[in-house]
Amino acid sequence: MKARLMMVGAGLSGAVLARQCAQAGYDVTVVDARPHVAGNCHTARDADTGVMVHTYGPHIFHTDDDGVWDYVQRFATFMPYKNQVKTTVAGKVYSLPVNLHTINQFFGTAMRPDEARDFVAAQTSDIPDPQTFEEQALAFVGPDLYAAFFKGYTEKQWGTSPSNLPASILKRLPLRFNYDDNYFFHRHQGMPRDGYTALVAQILDHPGITVKLETVFDPAEADQWDHVFWSGPLDGFFDYKLGRLGYRTLDFELFRADGDWQGCAVMNHPDADVAHTRISEHKHFAPWENHDKSVLYREFPRACGPDDIPYYPIRLAEEKSLLADYVALAETASNVTFVGRLGTYRYLDMDVTIREALDLADTFLAARTAGTPA
Ligand code: UDP
């Protein structure tokens, strides 16, 4: 009899693992509590405007991993897309990520690259090994750019002072002394033409895979399967018995407009006296389509309650200690593997999620072939 695998969660991790295992001859059941596949990457056309909406906030695919890029091309047509984000500070619009244009706009100068480099270097603090977001910002851009572009946004995004947050969060963003305003520095960047839900549905489209939506898996039934992959919250598998791992969630305030409301896909709003962090105008995520009407999201981060959708793992000292306790528990669950953003409690980009799922599938399948319990 074919081995039966249970994949909890139909997001990117679950879909890729299911596909790889099904192709290797396994019988895979994928369940998801929500009425759609693709997890937080889910996209759907807005009935009023026809615009493809990123229901759980903007997702832009970018990677340096050729294997991952080739993999997603098998399941969807990707359209060229360059993420160019703007930001409004005290009533003026600037270019992001912080680049030569931003610096010249902000200081009212016309510096060339070397001049700007020296100018910024003169403002930065000499902090040899920055630990916190704030130290990293002061060492990276200095106090003025930090106060304008990062401090307020980060306080709203994370609900705490940047002096409590790790430097790694800011290290996601580049600082450029030229006019390159591409938010990402990866070689491959694009948007699935028909949305992420179609991409994930294609990955799941295999005779060895059965998908059951609006279905909640009971961890008590894990031993009824040859193996379970759990991409839900790690603490949720254990019924939160040690406490809850902290997340930030997002509230979206949807509004519609005629024509073009803000002229770009994402406008950040770092000012402390504005409650939202950014506004996304979804038709600009699909520049190859034409829409007269527009649909937008104002994005409000806040602490995630028990009934909210978890987005960003907080990962401060308190959470890390609780995480270590849950990881120890997870190691006792012999036929369960915890995967993905929620299953491993990490802030993962889509390409990394896919890479980890592909590698895990290889390890799992190789161990099974060799007869080792995986
Ligand atoms: N950030 C900021 N100002 C901005 C954009 C980002 O201070 O205009 C900080 C903020 O703390 C955020 C982090 O940089 O959490 C990473 O930003 P990114 O754009 O990668 O966030 P994401 O789109 O993943 O939410």
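Scroll up to find the structure.
Conventions and cut-offs
- Residues numbered from 1 in each chain as written.
- Predicted model: local features only at pLDDT ≥ 70, side-chain atom pairs only at ≥ 80, totals over all residues.
- Helix = DSSP H or I, 4+ residues; strand = E, 2+ residues; numbered from the N terminus.
- Buried ≥ 20, exposed ≤ 12 C-beta atoms within 10 Å, placed from the backbone.
- Axes fitted to C-alpha atoms, helices over the stretch in contact; angles between N-to-C directions.
- Left-handed = near helix turned anticlockwise from the far one by under 90°.
- Contact = placed C-beta atoms within 7 Å.
- Pairing = 2+ DSSP bridges.

Caption draft 1: Examining unusual backbone geometry more closely. Going from L96 to P97, the amide bond is cis rather than trans, its omega being -15 degrees. Even without being a glycine, D239 presents a positive backbone phi close to 55 degrees. Relative to the helices and strands, D239 resides in the loop between α8 (234–237) and β12 (247–258). One non-glycine residue with positive phi stands out, namely R315, at about 55 degrees. Relative to the helices and strands, R315 is located in the loop between β16 (312–313) and α9 (317–330). For R315, a count of 19 C-beta atoms within 10 Å corresponds to the partly exposed category.

Caption draft 2: Representation of the packing of helix α1 (residues 12–23) against helix α11 (residues 350–369) in the model. One can describe the packing of α1 onto α11 by two numbers: an axis separation of 9 Å at closest approach and a directional angle of 35 degrees. As for how α1 packs across α11, the hand of that crossing is right-handed. Along the contact surface, α1 presents L12, S13, V16, L17, Q20 and C21, while α11 presents M350, T353, I354, A357, L358, L360, A361 and L365.

Caption draft 3: Representation of the pairing of strand β14 (residues 278–281) in the model. Side chains R278 and S280 project from β14 onto one buried face, and the interleaved I279 and E281 project onto a second face that is buried too. Bridge analysis of strand β13 (residues 266–268) against β14 gives three bridges, and the strand direction is antiparallel. Note that in β14 the partner of V266 across the bridge is S280. Pairing of β14 with strand β15 (residues 293–303) involves four bridges; the strand directions are antiparallel. From the neighbouring strand, R278 faces β15, where its bridge partner is E299.

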